[in-house]
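Residue-level listing of the chains:
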Amino acid sequence: MHLYGTQKINSNGHLEIGGVDAEELARIYGTPLIVYDIALVRDRARSFLKAFEEEEVSGQVAYASKAFSSIAMFRIVRDEGLSLDVVSGGELYTAIRSGYPAERIHFHGNNKSEDEIRMAFREGVGCIVVDNFHEIRTIGQISEELSLPMDVLIRVTPGIEAHTHDFITTGQEDSKFGFDLNNGQADEAFRLLSGISRVRVLGLHCHIGSQIFDTAAFNLAAGSLMRKVAAWREEHGYTCTVLNLGGGFGIRYTEEDHPLEPEEYVRAMIRTVKEAAAESDYPVPELWIEPGRSLVGEAGTTLYTAGSEKEVPETRTYLSVDGGMSDNIRPALYGATYSSAAALRMDEPHTSAYTIAGKCCESGDRLIEQALLPDMAAGDLIAVFCTGAYGYAMASNYNRMTRPAVVFAENGEHRIAIRRETYDDLIRLELETAGIGKEEVR
Ligand SMILES: Cc1ncc(COP(=O)(O)O)c(C=O)c1O
Ligand SMILES: N[C@@H](CCCC[NH3+])C(=O)O
């Protein structure tokens, strides 16, 4: 059984996270419950920053907030000195409400609305990552209208197919994101943005995909971006100051996954950029990265309570839990795999195979196939590991399931980061509820 971060098995055979017994957490907050090991998040943040320090390159580590966007988590990464990548007005709003310094926020998105771009200008975000020609026109108009400056990065697709799930690769040419690096689109974007007086082009951005294990794809991307900026120096006398190589560093969901230490990917990128810079006598630009999953993924564990069981003879035994695809859509959406354990029976042999199913009205609502657990009974607590990224962030109210509570555990203490949704929360937007008159409806 693989344990993550500060997790351990205590003398009662219970799983502990951040020094807190899973039994205590489930008793106090109920289940399903997402528990973050905050020491692990901090450790990851510090390792990324240390890689830059040791490789003697200046940079920014921006938490890709889409992985888990919440005020409490934003404050943790802010205090660790990270920047923040947001992709929507909603993420930007959450960041601002968390007290994030606007100049450390990078604003992404392949279809930013005028309102979102205006909001980014007014809040004074550190940079906009420009994605398409429509956006260039809007940025030009809004910068004129508000008489405000903006730093930008040009997002490009370098034509690299990273080996991961089709829906989470983004660096290939046939992608909805960014300007093609090789067919003239990126050059045209550079020309247009350079012509907007209040806009300063910092450099290039690419993100080749997510849950990648191989440094080769990152190195290829870094190399092709460096070649492009070197060409722009020849043609336009322009020297870029920033290269943002995105996120995507893989983590260990199950024993099939063999990631490197997250910061190793960064060290490899840094070396590639340094080598490419030396080859063309180019000043080493600042390197920015945008890890999401590798910062918070392994730090999250979901605690469920087991309920009904059904045996399909010679096929499988379903063990249903009190959550499912509504708090973790990834198995249903990507065929993602997870590992699990009986959280209060950790020292017992885990030798009985179950299909852990959710409680949504979908046959595909299955969290883990062939999970090995002790013989389970209703009421047993199950821990599903590595749910910290794109779990709660992608949760829904399908079947009017209430979204779980999120708790932070650290140094033997725990605190609620997001309270559990109530049935009243489910109907809060409905106009037919008692007490809301027609005059309030817009
Ligand atoms: C532009 C961009 N940056 C960063 C990330 C974060 O990726 P990950 O969570 O795999 O580190 C993503 C998501 O894939 C992304 O689209
Ligand atoms: N949501 C995806 C990753 C997409 C990342 C955003 N570009 C996942 O769960 O793996």
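As the structure is a prediction and not an experimental result, all values here were calculated from the model.

**Overview of the packing of helix H5 (residues 114-123) against helix H6 (residues 133-146)**
Axis separation between H5 and H6 bottoms out at 10 Å; the angle between their running directions is 50°. Between H5 and H6, the angle is such that the two are oblique. Relative to H6, the crossing made by H5 is right-handed. Only Thr138, Ile139, Ile142, Ser143 and Leu146 of H6 make contact with H5, whose side of the interface consists of Glu114, Ile117, Arg118 and Phe121. In terms of residue class, the contact of H5 with H6 is made up of 5 nonpolar, 2 polar and 2 charged.

**Quick look at H5**
Those residues of H5 not exposed but buried are Glu116, Ile117, Ala120 and Phe121. When H5 is viewed along its axis, its buried side chains cluster within an angular range of 140° and face the same direction. Exposed positions of H5 whose direction lies more than 90 degrees from the buried face are Asp115 and Arg122. Tucked into the core, H5 has its buried residues touching helix H4 (89-97), strand E7 (105-107), strand E8 (127-130), H6 and strand E9 (150-157). Backbone geometry just after H5 places Gly124 at a positive phi near 75°.

**Side note on the packing of H4 against H5**
Between H4 and H5, the shortest axis-to-axis distance is 10 Å and the interhelical angle comes to 25°. Looking at the two axes, H4 sits roughly parallel to H5. In the packing of H4 onto H5, the handedness of the crossing is left-handed. Contact residues: Gly89, Leu92 and Ile96 in H4; Asp115, Glu116, Met119, Ala120 and Glu123 in H5. Broken down by class, the residue content of the contact of H4 with H5 amounts to 4 nonpolar, 1 polar and 3 charged.

**Quick word on the nonpolar core**
Formed by 127 residues in total, the largest nonpolar core has its most connected members in Ala22, Ile128, Ile154, Leu303, Ala343, Ile382 and Val407. Per-element accounting of this core gives the leading share, 8 residues, to helix H8 (residues 215-236). Looking at which domains feed residues into this core, each of domain 1 (8-37 + 297-426) and domain 2 (108-291) gives three or more. Ignoring anything within four residues of it in the chain, the contact list for Ala343 reads His14, Leu15, Ala22, Leu303, Leu381, Ile382 and Ala383.

**So, helix H1 (residues 22-29)**
Burial in H1 covers these residues: Ala22, Leu25, Ala26 and Tyr29. Along the axis of H1, the buried residues cluster in a sector spanning 95°; they form a single face. Residue Gly30 follows H1 closely and has a positive phi angle near 80°.

**Side note on the UniProt feature "modified residue: N6-(pyridoxal phosphate)lysine" (unreviewed entry) in the protein chain**
As recorded in UniProt, the feature "modified residue: N6-(pyridoxal phosphate)lysine" (unreviewed entry) lies at Lys66. You can see Lys66 is positioned in the loop between strand E5 (59-64) and helix H3 (71-79). For Lys66, a count of 20 C-beta atoms within 10 Å puts it in the buried group. Among residues more than four places away in sequence, those in contact with Lys66 are Val87, Glu91, Gly292 and Ala393.

**Regarding the pairing of strand E11 (residues 199-205)**
Along E11, 5 of the 7 residues are buried, which leaves the element largely enclosed by surrounding structure. With 6 bridges connecting them, E9 and E11 associate as parallel partners. Residue pairing in the sheet places Leu153 in a bridge with Gly203 of E11. Crossover handedness for the path E11 to H8 to strand E12 (residues 242-244): right-handed.

**Some words on unusual backbone geometry**
With an omega dihedral of -10°, the bond running from Thr31 to Pro32 counts as a cis peptide bond. Position of Pro32 relative to the elements: it lies in the loop between H1 and strand E4 (33-37). For Gln211, which is not a glycine, the phi torsion comes out positive at approximately 55°. Structurally, the position occupied by Gln211 is in the loop between E11 and H8. With 24 C-beta atoms counted inside 10 Å, the residue Gln211 sits in the buried group. Of note in the backbone geometry, Arg400 takes a positive phi value of approximately 55° without being a glycine. Tracing the backbone through its elements, the reader meets Arg400 in the loop between strand E19 (381-385) and strand E20 (405-410).

Reading the values: the criteria
Residues numbered from 1 in each chain as written. Chains lettered and ligands numbered in written order. Predicted model: local features only at pLDDT ≥ 70, side-chain atom pairs only at ≥ 80, totals over all residues. Axes fitted to C-alpha atoms, helices over the stretch in contact; angles between N-to-C directions. Helix = DSSP H or I, 4+ residues; strand = E, 2+ residues; numbered from the N terminus. Parallel < 35°, antiparallel > 145°, perpendicular 65-115°, else oblique. Left-handed = near helix turned anticlockwise from the far one by under 90°. Contact = placed C-beta atoms within 7 Å. Nonpolar A, V, L, I, M, F, W, Y, C, P; charged D, E, K, R; others polar. Buried ≥ 20, exposed ≤ 12 C-beta atoms within 10 Å, placed from the backbone. Arc of directions from axis to C-beta. Core = buried A, V, L, I, M, F, W, Y, C linked by C-beta atoms within 7 Å. Domains from an automatic or database assignment. UniProt positions renumbered as here; feature names shortened; annotations may be inferred. Pairing = 2+ DSSP bridges. Right-handed = clockwise from strand over helix to strand, strands pointing away.

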